[in-house]
Amino acid sequence: MNALHRTLQKLVDEAVEKQKHKNIQRWIPHFHVMPPVGWLNDPNGLCEYEGTYYAFFQMSPFEVHGGLKFWGLCTSKDLVHWEYKGAPLQPDQPYDCHGAYSGSALVEDGVMYVYYTGNVKLQGTYDYINNGRESNTVLAVSRDGKTFETKKLLMTNADYPWDLTCHVRDPKVWKQDDTYYMVQGARTKEDKGVVLVFSSEDKEHWKCIHRLQSEETFGFMWECPDLYELDGYTVLSISPQGLEADGWKYRNQYQTVAGIIHGDFRTDGVPGAFREIDGGFDFYAPQTFVDSTGRRILIGWMGMADADEQYTNRSVEDGWQHVLTLPRELSVRDGVLCQNPVREIGTIWKQKERFEGSYEKHCETDCYELTLLPKEGAWKVILSKGLELSYDPEAKLFCMEFTDKELGCGRTIRGRELDEVTDARIIVDASCVEVFLNGGKDVFSTRFYPETGNYQVEVHGEHVTGDFLSC
Ligand code: FRU
């Protein structure tokens, strides 16, 4: 541990302690990972290590609007209750001094190998696209899941293909057939988003073996790639920047999409058509891992970078911002990536109320689930008197719309054309709403800010049955 690390650690711990003393209650989720203070973005290094789930995350402890990035850590035994465990990875080396950016974890023989991007921004007059920026691939090793005893610089920009800009980042590493693979997101000099595929025999020496790209440019930069085999498909997920809105699609500042790779990802693979993983307001940079039960679990950042000024989070007033999504179990059905909350979420609910047709409930708590089985006709759910979730079978349109501007903090409307909605699960946890439709094929996530006590639920629809579940 160098002296800078020690000092940074102390400063982070002090900031966390100070925030604790504020004893903030409003909008604090019960089952979502949140930063103990300051700003949170991407999930990092997701893994199960020695029987405990690890969710690291990008964290700026000193700036609620984002700044110098550390890796914060929350752990859990059940994917539902998370506990903050400090910020074990810090920007304390010349090669990561402007941020320990996103990356992933590989667990092997009781050792946690963490790969991340060391971000460096040189001082001077640069465009920070083609010059002035270093994107270093770094390996940090932990033998106890608490401290990283060594850090090693593995690759610099000179090691990446020549036609790329300085933007290369977010290594995701896994082992397959005795070989290690890594994908990284990149921006070419022609402003095209691509994914680089690397392989290694020893976890330290990496060779770029292939490039995954679409024929037509699909955004100028692909961030946070992930690649995995699931249900007989090879899935590629990316977070592209620079897509234009297209009808109901791509309405957020940045997007996250998944597609199936045709061919071998190592040699000739090409991604097929992409589809948005989440159609709501707050979803970006997801990452997946496989746990000891063999499930492929996804956690995303429930937030958005560079969103316009109207679109905010009221928790900023309380000194913190953003959360991670609930862990979602993945599957592929009919070539579409499906997400459902991990089954452990079901253990939260202790009470259940069944209803048929329209229904109204004033909830005692800010945490509940509504499940719906719409048989026919239009239906609408209204949460906290200002967030409407509706399906119109004639227009074949599902919408998530804020009719109360304060509640949505600048969020307006998102939607998706759907032939049908056979089932819906709506999970509300304080300031987080996640909606799972059609067995998880269509998912919508948003933050919202109900005033304390305004935990009202209304269901309108003649042919709807459902359950209201609460703690
Ligand atoms: C995605 C991202 C990553 C980067 C990280 C920095 O939200 O921009 O590409 O590594 O955030 O915090």
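What you see is a predicted model; the values in this text were computed from it and never measured. (Residues numbered from 1 in each chain as written. Predicted model: local features only at pLDDT ≥ 70, side-chain atom pairs only at ≥ 80, totals over all residues. Heavy atoms only, no water.)

A. Geometry of the overall build of the chain. Along its length, the chain carries two helices and 35 strands. For 471 residues, the compact-globule estimate of 2.2 N^0.38 gives 23 Å, and the C-alpha radius of gyration of the chain, at 22 Å, lies within 12% of that figure. The principal-axis extent of the C-alpha atoms belonging to the chain is close to 65 × 55 × 45 Å. Of all 471 residues assigned to the chain, the portion counted as buried reaches 62%. Partitioning the intrachain contacts of the chain with sequence separation of at least 6 by distance along the chain shows that 59% fall at a separation of at least 24. Summing over all exposed atoms, the chain offers an accessible surface of approximately 19,100 Å²; the carbon and sulfur share of this is 47%. (Helix = DSSP H or I, 4+ residues; strand = E, 2+ residues; numbered from the N terminus. Rg over C-alpha atoms; globule rule 2.2 N^0.38 Å. Buried < 20%, exposed > 50% of the residue type's maximum accessible area, 1.4 Å probe, protein only. Contact = heavy atoms within 4.5 Å. Areas by Shrake-Rupley, 256 points an atom, 1.4 Å probe, with all protein chains shown as cover.)

B. Expanded view of the site of the ligand. Lining the immediate environment of the ligand, one finds Asn41, Asp42, Gln58, Lys69, Tyr101, Ser102, Arg169, Asp170, Glu223, Cys224 and Tyr284. In the model, an oxygen atom of the ligand is placed 3.0 Å from a nitrogen or oxygen of the asparagine 41 side chain. A distance of 2.8 Å is found between an oxygen atom of the ligand and a side-chain nitrogen or oxygen belonging to aspartate 42. Its free accessible area being 320 Å², the ligand has 91% of it covered by the protein chains. Elements with a minimum of two residues in the shell around the ligand: β1 (38-49), β5 (100-108), β9 (164-176) and β13 (221-230). In the shell around the ligand, the residues fall into three nonpolar, three polar and five charged. (Near = heavy atom within 4 Å. Polar contact = N/O pair within 3.5 Å; in protein donor to acceptor, adjacent residues only side chain to side chain. Nonpolar A, V, L, I, M, F, W, Y, C, P; charged D, E, K, R; others polar.)

C. Layout of the environment of valine 183. Position of valine 183 among the secondary structure elements: in strand β10 (residues 179-188). Along the chain, valine 183 and glycine 280 lie 97 residues apart, while their C-alpha atoms are 26 Å from each other. Not counting chain neighbours up to four residues away, the residues in contact with valine 183 comprise Asp170, Pro171, Lys172, Trp174, Val195, Leu196, Val197, Pro225, Asp226 and Leu227.

D. Local environment of the state of the cysteines. For the structure on display, the rule yields zero disulfides. Cysteine 208 takes part in no disulfide bond, and the closest cysteine sulfur to it belongs to cysteine 166, at a distance of 17 Å. Lacking any disulfide linkage, cysteine 432 is separated from the closest cysteine sulfur, that of cysteine 367, by 9.2 Å. (Disulfide = S-S within 2.5 Å.)

E. Geometry of unusual backbone geometry. Residue aspartate 109 is not a glycine yet carries a positive backbone phi of 50°. You can see aspartate 109 is positioned in the loop between β5 and β6 (111-121). Since its relative accessible area comes to 77%, aspartate 109 is described here as exposed. Here cysteine 409, not a glycine, exhibits a phi torsion of approximately 50°, which is positive. Within the secondary structure layout, cysteine 409 lies in the loop between α2 (405-408) and β30 (413-417). A residue is classified by how much of its surface remains accessible, and cysteine 409, at 9% relative accessible area, is buried.

F. Region of the structure containing the sheet that holds strand β4 (residues 83-84). The five strands are arranged β4-β3-β2-β1-β20 in an open sheet whose pairing can be described as mixed. The open sheet has two edge strands with one neighbour each: β4 and β20 (320-321). (Pairing = 2+ DSSP bridges.)

G. Expanded view of the side chain of serine 445. Turning to its location among the elements, serine 445 is positioned in strand β33 (residues 442-447). Accessibility expressed as a relative area gives 0% for serine 445, which makes it buried. Side-chain polar atoms of serine 445 contact the side chain of aspartate 278, separated by 2.6 Å.

H. Quick look at the pairing of strand β7 (residues 133-142). The buried fraction of β7 amounts to nine of the 10 residues, a majority that puts the element mostly inside the structure. In this structure, β6 lies alongside β7, joined through 10 bridges in antiparallel fashion. Directly across from methionine 112, in β7, lies its bridge partner serine 142.

I. Main features of the nonpolar core. Ranked by internal contacts, the top residues of the largest apolar core, which has 74 residues, are Leu383 and Phe398. Excluding its chain neighbours within four sequence positions, the residues that come into contact with leucine 383 are Tyr368, Leu389, Leu407, Ile426, Val428, Val433, Phe448, Gln456 and Val457. Counting residues in each nonpolar core, the second largest holds 19 residues, with Val111, Tyr113, Tyr160 and Leu164 among its members. (Core = buried A, V, L, I, M, F, W, Y, C linked by side-chain atoms within 4.5 Å.)

J. Broad picture of the sheet that holds strand β34 (residues 456-460). Spatially, the six strands line up as an open sheet ordered β25-β34-β27-β28-β29-β30, and their pairing is antiparallel. Only two strands of the sheet have a single neighbouring strand rather than two, namely β25 (359-362) and β30. Neighbour-to-neighbour, the strand axes of the sheet open up by a mean angle of 5°, direction not taken into account. As defined by bridge partners, strand β28 (residues 387-392) adjoins strand β29 (residues 397-402) across six bridges and the pair is classed as antiparallel. Bridging from a neighbouring strand, serine 390 pairs with cysteine 399 of β29. (Axes fitted to C-alpha atoms, helices over the stretch in contact; angles between N-to-C directions.)

K. Spotlight on the packing of aromatic side chains. Taken as a whole and assessed by the stated rule, the structure comprises 25 aromatic pairs. Aromatic side chains tyrosine 284 and tryptophan 301 sit 6.3 Å apart centroid to centroid with 75° between the ring planes, which places their arrangement in the edge-to-face category. Of this pair, tyrosine 284 sits in strand β18 (residues 284-290) while tryptophan 301 sits in strand β19 (residues 296-302); the two residues are 17 residues apart in sequence, bridging distant segments of the chain. On the basis of an interplanar angle of 45° and a centroid distance of 6.4 Å, the ring pair of tyrosine 359 and phenylalanine 468 is categorised as tilted. (Phe/Tyr/Trp six-rings, centres within 6.5 Å; stacked < 30°, edge-to-face > 60°.)

L. Representation of the environment of glycine 118 in the model. Relative to the helices and strands, glycine 118 is located in strand β6. The exposure class assigned to glycine 118 is buried, which follows from its relative accessible area of 0%. In this structure the C-alpha to C-alpha distance between glycine 118 and cysteine 97, which are 21 residues apart in sequence, comes to 7.3 Å. Beyond its immediate sequence surroundings of up to four residues, glycine 118 is in contact with Tyr95, Asp96, Gly99, Glu134, Ser135, Asn136 and Val138.

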